[in-house]
Amino acid sequence: MIEVAARLQQGTFLLDAAFSCYGGITALFGRSGSGKSTVIAIIAGIRRLDRGRVAVNGQVLVDTNAKIWLPPHRRRIGLVFQDSQLFPHLTVRQNLLYGRWFARRRGDEIAFDAVISTLDIAALLSRRPPQLSGGEKQRVALGRALLANPALLLMDEPLASLDMARKIEILPLIENVRDAFGIPILYVSHALEEVARLADTVVVLDAGRVVACGPPATALGSSPQPPVRDRFSIASVLNVNVGPFDERYGLTLLRHPAGDIFLSGRIRPHLQEVRIVIKAIDVALTTELPRQLSIRTVLHAHIGAIIADDRAVAVIDLVLPDGSRLLALATRKALDELNLAPGRPVFALIKTVAMDERPVGAVDTRRAMAGGER
Amino acid sequence: MIEVAARLQQGTFLLDAAFSCYGGITALFGRSGSGKSTVIAIIAGIRRLDRGRVAVNGQVLVDTNAKIWLPPHRRRIGLVFQDSQLFPHLTVRQNLLYGRWFARRRGDEIAFDAVISTLDIAALLSRRPPQLSGGEKQRVALGRALLANPALLLMDEPLASLDMARKIEILPLIENVRDAFGIPILYVSHALEEVARLADTVVVLDAGRVVACGPPATALGSSPQPPVRDRFSIASVLNVNVGPFDERYGLTLLRHPAGDIFLSGRIRPHLQEVRIVIKAIDVALTTELPRQLSIRTVLHAHIGAIIADDRAVAVIDLVLPDGSRLLALATRKALDELNLAPGRPVFALIKTVAMDERPVGAVDTRRAMAGGER
Amino acid sequence: QSDPVLVMAAASLKNVFDQVGADWMTESGKKVAFSYAASSTLAKQIEQGAPADVFASADLAWMDYLDQRGFIRTGTRNNLLGNVLVLIVPADTAKSITLAKDADLSSFIGGGRLAVGNVNAVPAGKYAKQALQALDLWTGVEDKLAQVDSVRAALALVARGEAAAGIVYATDAKSEPLVKVVATFPAESHVPVTYPVAVTAASSHRDAGSFLAYLRSKMAQRAYAAHGFTYLE
Amino acid sequence: MSDVLSLSPEEVTAVRLSLRIAAMATIASLPFGIAAAYAVARWRFPGRGLLDGLIHLPLVLPPVVTGFLLLLLLGRKGVLGAFLADHFGIVFSFRWTGAALAAAVMGFPLMVRAIRLSIESVDRRLEAASGTLGAPPLATFFLITLPLAFPGIVVGSILSFAKALGEFGATITFVSNIPGETQTISALIYTNTQVPGGDAGAMRLMLVSTVIAFAALLVSELVQRRARRRLSLVP
Amino acid sequence: MSDVLSLSPEEVTAVRLSLRIAAMATIASLPFGIAAAYAVARWRFPGRGLLDGLIHLPLVLPPVVTGFLLLLLLGRKGVLGAFLADHFGIVFSFRWTGAALAAAVMGFPLMVRAIRLSIESVDRRLEAASGTLGAPPLATFFLITLPLAFPGIVVGSILSFAKALGEFGATITFVSNIPGETQTISALIYTNTQVPGGDAGAMRLMLVSTVIAFAALLVSELVQRRARRRLSLVP
Ligand SMILES: Nc1ncnc2c1ncn2[C@@H]1O[C@H](COP(=O)(O)OP(=O)(O)OP(=O)(O)O)[C@@H](O)[C@H]1O
Ligand SMILES: Nc1ncnc2c1ncn2[C@@H]1O[C@H](COP(=O)(O)OP(=O)(O)OP(=O)(O)O)[C@@H](O)[C@H]1O
Ligand code: MOO
Ligand SMILES: [Mg+2]
Ligand SMILES: [Mg+2]
């Protein structure tokens, strides 16, 4: 569990943020300059705060009232900086192994080989940081933090300058760190897909304050109004049971009370229940069961609410048979023409092709959630 | 027109790239470490090449055969570095105005006020770079390059650490630079949407070589196989005529021989013809004209080809009545169940809500395209 | 307001010349300025065109050096002052010795060192070497020397107890309470310690001659005595 | 200050002169120091090693020797000295300007080394950035390199200034020890140590020297601190 | 080399001794120089200004005075000297170790300033990064700060070494000029200049001194260049 309550005046900027979250991956989301890096720096002990308290898994790192301040090197925090901060005089290998020299050996550390192969940096080991490209630096920085055997991983936009294909390769590594080693992760990202896939908790910062805090569905999805003003960022989360994998078509069947959902590709083995993130723009509506349509996933639902303003696109809050919620987008024109209104039954069409191995995460029922406090 | 033919050995990495493009915005696309920043550095004159030639608008910047090498300060190139490279001893204002001191006055420079308001950096003017957040640095660096009144703008992932909302605000500024000042732009990005919206030409680099070069539709779209291995990156481009704007529903009607396309929001005024980028994952197929469906855009097409392998999702190359191409995605299962095969007529459904003001660009017929050479 | 007479003098003459100069200025209303440094330095500067009017050297060698090269106005050179060479020990030393041929200076020094000015360069050192050789003491102490670059440094080494003994001028020994004189070198054991003075050949100052003359005044003679120098007629 | 320490007029003159000479030596050699540091740090040219060695020479040779060489070269009868005197009317020998020159020469290796160290630590990518913004090399030098090398310039100046205060070997050999013209505090201290009973005077002057040096240090620290604070390099 | 220049045995001894003394002075003062530079650069403690001033003192005072002060402090009867001799058997007077000490003291301000300049230009965020990776402050110092301050350490060492070669004022005053024990090249050069007709000998020795200094410079440049190349800071 990470508990943060921090107040810090920094020039004209006032950080006054409090949140807490239980294990897993917590995403820090917010506009440029909203204070994300500052929060990270405070937890890592790189920046002192004016007033407040930071605790991780019950260990108090900072408490200005109790005059506690644990120096950074005793916090066991792996930090991936926004600007990599590799040691220029050391080779990539020495950078990667730097934290190992100081880490307590536990015997179950992340394997060096696994990290360098996933990050695809084997060819760079004998180079020095000035000889790396931007994305290569970021990958090495990520590896360095992972290999330090941290008790908490803080990452400040670790994948910002990586291509999509690379991201898709690296994300499982991060999840694996969480799952295999139970290391909680706090993660800054502007990429909704990354956040949606990875985060168990989302903390939304705005101008130094926490404006939303909760599971992705709550923090991002159920607030279709600002802070997340971008309709591409609206998403919902469904818990589904894993059905069989169709070898022939390469599809995994997911079962939900509202209907079957097809997912391209395989899900990590041995998972029974998973959580999928469905972006609202990938959900279409129809009032008639469609035929001859390439969209294969059809869920039964009725309209809970319609959130519309003078913009072209409205958000439709759908209620599924089991009471769970699914958000969809449609133009107001379509709503009028289809005569859609709260209470009406509809079919939700979800494009299988738009969903992939990325927005799926295992459900860990141990993990609960503490709301944001201020 | 930008012409590049460059050979440079850099450690074990060999850059051997040649391409040329006519004005407008050219996107450099490619995996981490593929040589994008190196190409940018060569054009800017920051890195010398072993052999080759670089010319911009007919002016030769480098020619190793003719022993020409124009020093960077005489190239009139605005460069936005991957890691901002702001001057730490100057204020943000001084950084922004730095290039102005040296620029030839033309009287029609980009207005300082317009740049700082679009980039939302007015509050930062008297600060110094170490007091900025990561995204703030990037915005200032972008402003600095724009205000230097360049004849060519080179940008290395200028928006990588910005949130989506911020990007949406800044993209029009970049387009405006191209349109109002006719400044050609070469642009590195990993974000398909940015590239799709902005680029007139896409150059795809892989391991130091140009593997594709052409309009976005050609370079990205028509090569659904690697280098762009990610199905989220597949897109096509359609030229459409601008119809009336529906005040009530906030929709713009776009006319295409294959049918009407609805776009949420307004298009910049006075445009008659625009180019829209349609991502393949936003296109669904049906063999029956659908009724009661929230998807309002329906285009007539027939199947040109189906590109499938053992993965779940196949790419369908649709031929529209005017001969233009549109790429769609569907699971192989759907293809089989709908009995789709080359030659069959289908309806392409395009989600209006998934398209917005972003993937639209004005068509400039003056701009043609030179293919990649090697 | 005319320029002062510039006297370039050996540094060891500072105290006494400062006093004589002040007296002359009061008496004559004319002006004099002193530039004190090592005689060697001053000689080379005069050779290189220094605007000196009078040169006062701490030994004959540097005066000869200039004289032979024509930098000294003929007929102005004369030996003004003399000094006495003494053997000193730290004030708390009880030992005594008489300086004569075959005196056992070596065991007098014991395991310690004998501080002297550089025996090739510093005038006091040159005299010391000459005297020790004349008394056949040189070979016994040659390896026990601590040569320094000025008499004052030698004096300090003895005063601080670093060196067991030292050879300095009587004028210097007199000023340092932490040392005591155990013996005086016989006058015949070395070339007399002589401070020659002269007007430089390049000098055009009309008062140079009158200052040189004043150096032999009664007033000046009193100052020499007060500082322990011997006045040479 | 002169009252508190009750300095003699001669001493006051020496203190004033020392300050003038040290300031002059530092200020006048700064442009050359910067140019030499930049040349040695950034350019590869034949004779670079020689230049570098020459710059260090005053450090390696006994000061008296340096002074002697200056005397031979720049004295009235020296090759360069005669030339300068005849054609430009510049005379160093036995003038305070000569003392400043000697001090400048003695402090030069220290100044150049400090500045060079700072220039070498300037991030060349920032210079490249300046170039792409249209700044010609000279502008880049003055607007980017020099300000970023500021710490080295301050340190180089303070070292040169301190050395000028302490220098006497080269000075006394080159321009002698003439009151009001070339007799600096250091030379006076030295002269005092050469005569019986001069130690008290030497001590008093050493104190003055020390106070001046501390004051100069303090000023340089403040200047540096301010510059660093502007860069937010200190908390 | 000694053959080519046909040095006398006395001169050869002086050259050897000078090298030994300069090397010893540099090596032995390096840890103290680094510690002092770090303390002054990074810590704020009462007396910091005083320490900083003290370090600069040998630069500001005439070398002869520094030699006198050393004599007072570290001589046989000096406060510290007596203590060291009685309790540790360390004696400096008239020993080559004393010459090395004098040289080290004279070179100390130069060494500290150069190292400090480099330490102050080390990016503190890298030190922070080291901390987050679990490195305690001492490890961060040795693994990050020190290697990144390497250019300053090399420059500080070369300045100290060169100064040690050129130093004679403090040395001769503190430990005299004993052939084979404390008579360095510089002392020998000085002596030669004080003897009528000694100039030729002085010139020859100056050449030797210069050659040594050039060699030392060359080595330091190579070391630096290699370090910088590893960081890809030179093309
Ligand atoms: N100084 C150097 N020495 C050796 N190799 C280098 C050097 N600089 C860059 N490289 C290599 O050159 C290749 C191209 O680098 P470049 O910076 O152009 O990549 P990029 O396409 O910009 O990647 P990214 O998206 O990660 O920034 C990389 O493989 C990199 O490792
Ligand atoms: N040293 C400083 N002095 C004054 N203000 C500062 C300083 N450092 C950061 N700030 C301000 O604090 C705010 C928060 O900065 P922070 O780096 O935490 O933002 P961020 O959320 O990480 O943004 P980004 O996504 O752009 O990296 C910003 O408005 C920034 O301008
Ligand atoms: O170089 Mo010195 O020995 O400080 O005058
Ligand atoms: Mg940040
Ligand atoms: Mg790059």
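A quick note: this is a predicted structure, and the numbers were derived from the prediction, not measured.

*Asks:* Is there a simple way to think about the site of ligand 3 in this case?
*Replies:* Around ligand 3 sit Pro63, Met106, Lys163 and Glu167 of chain D together with Pro63, Met106, Lys163 and Glu167 of chain E, and those are all the residues in its vicinity. Site remark: ligand 3 is flanked by residues from chains D and E. Measuring from an oxygen atom of ligand 3, one finds a side-chain N or O atom of Glu167 of chain D at 3.0 Å. A breakdown of the residues in the shell around ligand 3 according to their chemical character gives 4 nonpolar, no polar and 4 charged.

*Asks:* Teacher, can you tell me more about the environment of Ser28 of chain C here?
*Replies:* All names here are of chain C. For Ser28, the location among the structural elements is in helix α1 (residues 14–28). Take Ser28: its relative accessible area is 31%, and that puts it in the partly exposed class. For Ser28 and Phe211, which are 183 residues apart along the polypeptide, the C-alpha to C-alpha distance reads 9.5 Å. A polar contact of 2.7 Å, which involves the side chain of Ser28, links it to the backbone oxygen of Trp24. In terms of polar contacts, Ser28 uses its side chain to reach the backbone amide nitrogen of Lys30, at 3.1 Å.

*Asks:* I tried to follow the relation of the copies chain A and chain B on my own but got confused; where do I start?
*Replies:* Between the two copies of the chain lies a rotation about an axis combined with a shift along it. Least-squares fitting of chain A to chain B yields an RMSD of 0.2 Å, with the superposition described by an axial translation of 0.0 Å and a rotation of 180 degrees. Expressed as an axis order, the relation between the two copies is that of a two-fold axis. Residue Ala160 of chain A, judged by its C-alpha, is the member of chain A lying nearest the rotation axis, at 2.9 Å.

*Asks:* What's the story with the UniProt feature "transmembrane region" (unreviewed entry) in chain D in this structure? I'm lost.
*Replies:* Per the UniProt entry, the sites bearing "transmembrane region" (unreviewed entry) are residues 20–41, 53–74, 94–112, 133–159 and 202–223 of chain D in this numbering. Split by type, residues 133–159 of chain D is 81% helix and 0% strand. Its first and last C-alpha atoms lie 35 Å apart.

*Asks:* Can you walk me through the coordination of the magnesium ion (ligand 4) in this structure?
*Replies:* A metal bound by six donors in octahedral fashion has ideal angles of 90 or 180 degrees, whereas one bound by four tetrahedral donors has an ideal angle of 109.5 degrees. Residue and element names in this part refer to chain A. The magnesium ion (ligand 4) binds to the protein through Ser37 (OG) and Gln82 (OE1); the donor distances cover 1.9 to 2.2 Å. Residue Ser37 is found in helix α1 (residues 36–44), and its partner Gln82 is found in the loop between β7 (77–80) and α2 (92–97); the two are separated by 45 residues along the sequence. By relative accessible area, Ser37 is classed as partly exposed at 26%.

*Asks:* Help me out: how do you make sense of the nonpolar core in this one?
*Replies:* A general trend in soluble globular proteins is that nonpolar side chains are found buried together. One finds Leu13, Phe17, Leu87, Leu105, Leu114 and Tyr224 of chain C to be the most contacted residues of the largest nonpolar core, which totals 199 residues. When residues no more than four places from it in sequence are discounted, the contact partners of Leu114 of chain C are Leu87, Leu105, Ile109, Leu132, Val141, Lys144, Leu145, Ala146, Ala165, Gly166 and Ile167 of chain C.

*Asks:* Please explain the confidence of the model for chain C as it appears in this structure.
*Replies:* Any residue range with low pLDDT should be treated as having predicted coordinates unsuitable for detailed reading. Of the residues in chain C, 100% have a pLDDT of 70 or more, and the chain-wide mean is 89. When pLDDT is averaged over each element of chain C, strand β3 (residues 54–56) of chain C comes out on top at 95 and helix α8 (residues 170–175) of chain C at the bottom at 85.

*Asks:* I would appreciate a short explanation of the site of ligand 1 in the present structure.
*Replies:* In the vicinity of ligand 1 there are 20 residues, among which Arg127, Gly135 and Glu136 of chain A together with Ser37 and Thr38 of chain B approach most closely. Around ligand 1 the close residues trace back to chains A and B. At 3.2 Å, a backbone N or O of Gly134 of chain A approaches an oxygen atom of ligand 1. Between an oxygen atom of ligand 1 and a side-chain N or O atom of Gln10 of chain B, the distance comes to 2.9 Å. Elements supplying a minimum of two residues to the shell around ligand 1: α4 (134–147) of chain A together with α1 (36–44) of chain B. Taken together, the residues that form the shell around ligand 1 break down as 1 nonpolar, 14 polar and 5 charged.

*Asks:* In this structure, what is going on with the arrangement of the chains? I would like to understand it.
*Replies:* Pairwise contact counts over the 6 pairs of chains in contact peak for chains A and B. At the level of C-alpha atoms, the two units chain A and chain D stay apart, their nearest approach being 10 Å. A gap remains between chain B and chain E, with no contact made and the closest C-alpha atoms lying 10 Å from each other.

*Asks:* Honestly, the packing of helix α1 (residues 9–42) of chain D against helix α5 (residues 96–120) of chain D in this entry has me stumped. Any pointers?
*Replies:* The angle between the axes and the distance between the axes are what describe a pair of packed helices. All names here are of chain D. For the pair α1 and α5, interaxial distance at closest approach is 6 Å and the crossing angle is 40 degrees. Comparing the axis directions of α1 and α5 gives the class oblique. Crossing of α1 against α5: the hand is right-handed.

The rules behind each value
Residues numbered from 1 in each chain as written. Chains lettered and ligands numbered in written order. Predicted model: local features only at pLDDT ≥ 70, side-chain atom pairs only at ≥ 80, totals over all residues. Heavy atoms only, no water. Near = heavy atom within 4 Å. Polar contact = N/O pair within 3.5 Å; in protein donor to acceptor, adjacent residues only side chain to side chain. Nonpolar A, V, L, I, M, F, W, Y, C, P; charged D, E, K, R; others polar. Helix = DSSP H or I, 4+ residues; strand = E, 2+ residues; numbered from the N terminus. Buried < 20%, exposed > 50% of the residue type's maximum accessible area, 1.4 Å probe, protein only. Least-squares fit on C-alpha atoms with pLDDT ≥ 70 in both. UniProt positions renumbered as here; feature names shortened; annotations may be inferred. Donors = N, O, S within 2.8 Å, 3.2 Å for Na, K, Ca; no water. Core = buried A, V, L, I, M, F, W, Y, C linked by side-chain atoms within 4.5 Å. Contact = heavy atoms within 4.5 Å. pLDDT = per-residue confidence, 0-100. Axes fitted to C-alpha atoms, helices over the stretch in contact; angles between N-to-C directions. Parallel < 35°, antiparallel > 145°, perpendicular 65-115°, else oblique. Left-handed = near helix turned anticlockwise from the far one by under 90°.

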